[in-house]
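Take a look at the letters that make up each chain.
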Amino acid sequence: MVNRTHFRCLSCNYVIGCRTQFGYGKEQVYTFPCPNCGVNLGFTILIDQENISWAYEALDNLKPEDFNTEPSYLLNFSSCFLVEKKNLTDLPLTPFLSNLTLVSDSDAYFKVRNIRHHAAQEFWPCLDRANTHRQRGDFDKFMSEFRSIKAHEFIPTFETGSLREIIAQGYEMFGSIFSTSNEQERKLIESRIDIAVESNAQGVNDLKNFFVLEDRAESIFNQLRALDRQWVDLYSFFEPLEIIDWLRDPKSLDSGDFTLSEKPIERLKTFYTDGFETLGRIFVIAACYEGICTGAGVGVPSRSRLILPQEFEQMPNGAKPNLISSMPFWPIFVDVFDSKLRNGIGHHSWRYDASLDIIFYQNHSPSRGKEDFKISFLNFCILTRKLYHCVTVSAKYLHSIWV
Ligand SMILES: [Zn+2]
């Protein structure tokens, strides 16, 4: 649905009308430049989807204005589709139609988009409840949730093995629904694990035992689930980006003409950071499998010696790529595991400029000093989405030692 409301800019006093196409997220954050004076403006819409009611909250440099004053500008927002920046104050096409012009096969696009929407809304809550019953050891309730998962006919069966094995398969299935283009990467990881098991089963067993100690594996498993939860909570925001898999011209988003209306910057920062840190922990498993594959032993081979798992685990995540960048799995993660971006998020210099729609950040290091970086908001969102996809791929490593 589309809702219209009027605000007054606290900086220049102009009245601005805002037409917003709501998504289905409970909390939708919008940030934009004042079309007259350029300051960052913003509001958050809180939506009660069950009772179909909403409220405009957290006004940033804005105050509410009644409908008697004709606005100087009418702005258009959409939570459901990518928006064209040049159409912020003018709407020749609806976002829906402008998105359709980018898509090569609209039937396939909407079909897959619906499946992913359904997975986030229906499949994941079932998995989450089943996992709770597993933790409580309630076999009957687990199986009853499991049967309701099977009712989602687009999900292949995965009912083999122990409750841990079943739930791990369920979560991997959930992740693969969103990252269907990562099958090659999943196969590569599977084959590395298989090679390690074939070449040194005892070594793999020792690796498992290390991760059972102090509940390491359980703790990473829970970290992955917390990340899934953030993904599901943010999914209404990410949904317009599903178009990436169906673009007629893969470069059509490079022009900088498109962006996302919603700007949940703080939640995205947390999501990127948590995804980065989770991957950093899973790299310990991945690297130790490679140590086993090469015959070096259970650990991470370096030029001079074998680094034991606990030592590699304690290294800062940003330093880990130095030791794993020549390993076969690294190309899967090289684009998304960006230590400078990760450090920039934690730094007070991080800043979103609404008029440019660009994020500015800094990285400080002893060797290179202070460096300035920028990334468009759209590209940050694309990268964060891809990071989550890569985490779901890497889950295979964790599950192989957790089940
Ligand atoms: Zn203004």
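If you're wondering where the values come from, they're calculated on a predicted model, not measured in any experiment.

**Section: unusual backbone geometry**
Phase 1: The backbone phi angle of aspartate 215 is positive, close to 55°, even though this residue is not glycine.
Phase 2: Counting through the fold element by element, aspartate 215 comes out in the loop between helix H6 (201-212) and helix H7 (216-238).
Phase 3: Judged by the 11 C-beta atoms lying within 10 Å of it, aspartate 215 is exposed.
Phase 4: Despite not being glycine, aspartate 357 shows a phi value in the positive range, around 60°.
Phase 5: Take aspartate 357: it is sitting in the loop between strand E12 (351-353) and strand E13 (358-365).
Phase 6: On the neighbour-count criterion, aspartate 357 (19 C-beta atoms within 10 Å) is partly exposed.

**Side note on the domain arrangement of the protein chain**
Phase 1: Per the domain assignment, the segments making up the protein chain are domain 1 (2-79) and domain 2 (106-402).
Phase 2: One C-alpha centre belongs to domain 1, the other to domain 2, and the line joining them spans 34 Å.
Phase 3: Contacts between domain 1 and domain 2 engage 14 residues on the former and nine residues on the latter.
Phase 4: Looking at side-chain class alone, the side of domain 1 that touches domain 2 contains six nonpolar, eight polar and no charged residues.

**Some points on the pairing of strand E3 (residues 27-33)**
Phase 1: Of all the seven residues making up E3, five are buried; the element is thus mostly covered by neighbouring parts of the structure.
Phase 2: Sheet topology places E3 next to strand E4 (residues 40-48); seven bridges connect them, and they run antiparallel. Its bridge partner being in E4, glutamate 27 is matched across the sheet by leucine 46.
Phase 3: Two successive antiparallel strands, E3 and E4, enclose a turn made up of six residues, where glycine 38 displays a positive phi of approximately 90°.

**Quick look at the pairing of strand E5 (residues 53-60)**
Phase 1: Pairing of E4 with E5, which is carried by six bridges, proceeds in the antiparallel orientation. Bridging across to E5, aspartate 48 finds its partner in serine 53.
Phase 2: Taken together, E4 and the strand that follows it, E5, pair antiparallel across an intervening segment of four residues, in which isoleucine 52 is found at a positive phi of about 45°.

**Remarks on the environment of phenylalanine 258**
Phase 1: Position of phenylalanine 258 among the secondary structure elements: in strand E9 (residues 258-259).
Phase 2: The exposure class assigned to phenylalanine 258 is buried, which follows from the 24 C-beta atoms found within 10 Å.
Phase 3: Not counting residues up to four positions away in its chain, the partners in contact with phenylalanine 258 are Leu82, Val83, Glu84, Leu253 and Leu378.

**Regarding the environment of glycine 280**
Phase 1: When you line up the elements, glycine 280 lands in helix H8 (residues 265-293).
Phase 2: Along the sequence, glycine 280 and proline 321 sit 41 residues apart, while their C-alpha atoms lie 9.1 Å from each other.
Phase 3: Excluding anything up to four places from it in sequence, glycine 280 contacts Asn317 and Lys320.

**Looking at the sheet that holds strand E7 (residues 73-78)**
Picture the strands of a sheet paired through backbone hydrogen bonds; they go either parallel or antiparallel.
Phase 1: Pairing within the open sheet is mixed, and its four strands lie in the order E6-E1-E2-E7. Two strands lie at the open edges of the sheet, namely strand E6 (62-65) and E7, each paired on one side alone. Here the strands of the sheet are splayed against their neighbours by 35° on average, with no regard to which way each runs.
Phase 2: Judged from the six bridges that link them, strand E2 (residues 15-21) and E7 form a sheet pairing that is parallel. Bridge pairing links isoleucine 16 to tyrosine 73 in E7.

**Here we look at the packing of helix H2 (residues 106-136) against helix H4 (residues 163-178)**
Phase 1: It is at 10 Å that the axes of H2 and H4 come closest, and there the two elements cross at 165°. By the criterion of interaxial angle, the relationship of H2 to H4 is roughly antiparallel. The hand of the H2/H4 crossing is left-handed. Mapping the contact onto sequence places Ile115, Arg116, Ala119, Phe123, Trp124, Leu127, Ala130, Asn131 and Arg134 in H2 and Leu163, Ile167, Gly170, Tyr171, Phe174, Ile177 and Phe178 in H4.
Phase 2: Each residue belonging to the contact of H2 with H4 can be placed in one class, and the counts come to twelve nonpolar, two polar and two charged.

**Remarks on H8**
Phase 1: Look at H8: 41 Å from first C-alpha to last across 29 residues, which is about the 42 Å you get at 1.5 Å a residue.
Phase 2: At isoleucine 282, H8 shows its maximal bend, which comes to roughly 25°.
Phase 3: Two residues or fewer past H8, glycine 295 is found with a positive phi of approximately 85°.

**So, the nonpolar core**
Phase 1: Residues Ile285, Cys288 and Leu398 are the most contacted members of the largest nonpolar core, which totals 95 residues.
Phase 2: Counting residues per element, this core draws most heavily on H8, which supplies 15 residues.
Phase 3: A domain-level breakdown of this core finds at least three residues from each of domain 1 (2-79) and domain 2 (106-402).
Phase 4: In contact with isoleucine 285, not counting residues within four places along its chain, are Phe211, Tyr397, Leu398 and Ile401.

Quick notes on the rules
- Residues numbered from 1 in each chain as written.
- Predicted model: local features only at pLDDT ≥ 70, side-chain atom pairs only at ≥ 80, totals over all residues.
- Helix = DSSP H or I, 4+ residues; strand = E, 2+ residues; numbered from the N terminus.
- Buried ≥ 20, exposed ≤ 12 C-beta atoms within 10 Å, placed from the backbone.
- Domains from an automatic or database assignment.
- Contact = placed C-beta atoms within 7 Å.
- Nonpolar A, V, L, I, M, F, W, Y, C, P; charged D, E, K, R; others polar.
- Pairing = 2+ DSSP bridges.
- Axes fitted to C-alpha atoms, helices over the stretch in contact; angles between N-to-C directions.
- Parallel < 35°, antiparallel > 145°, perpendicular 65-115°, else oblique.
- Left-handed = near helix turned anticlockwise from the far one by under 90°.
- Expected span 1.5 Å × (residues − 1).
- Bend = angle between axes of the 7 residues up to and from the residue.
- Core = buried A, V, L, I, M, F, W, Y, C linked by C-beta atoms within 7 Å.

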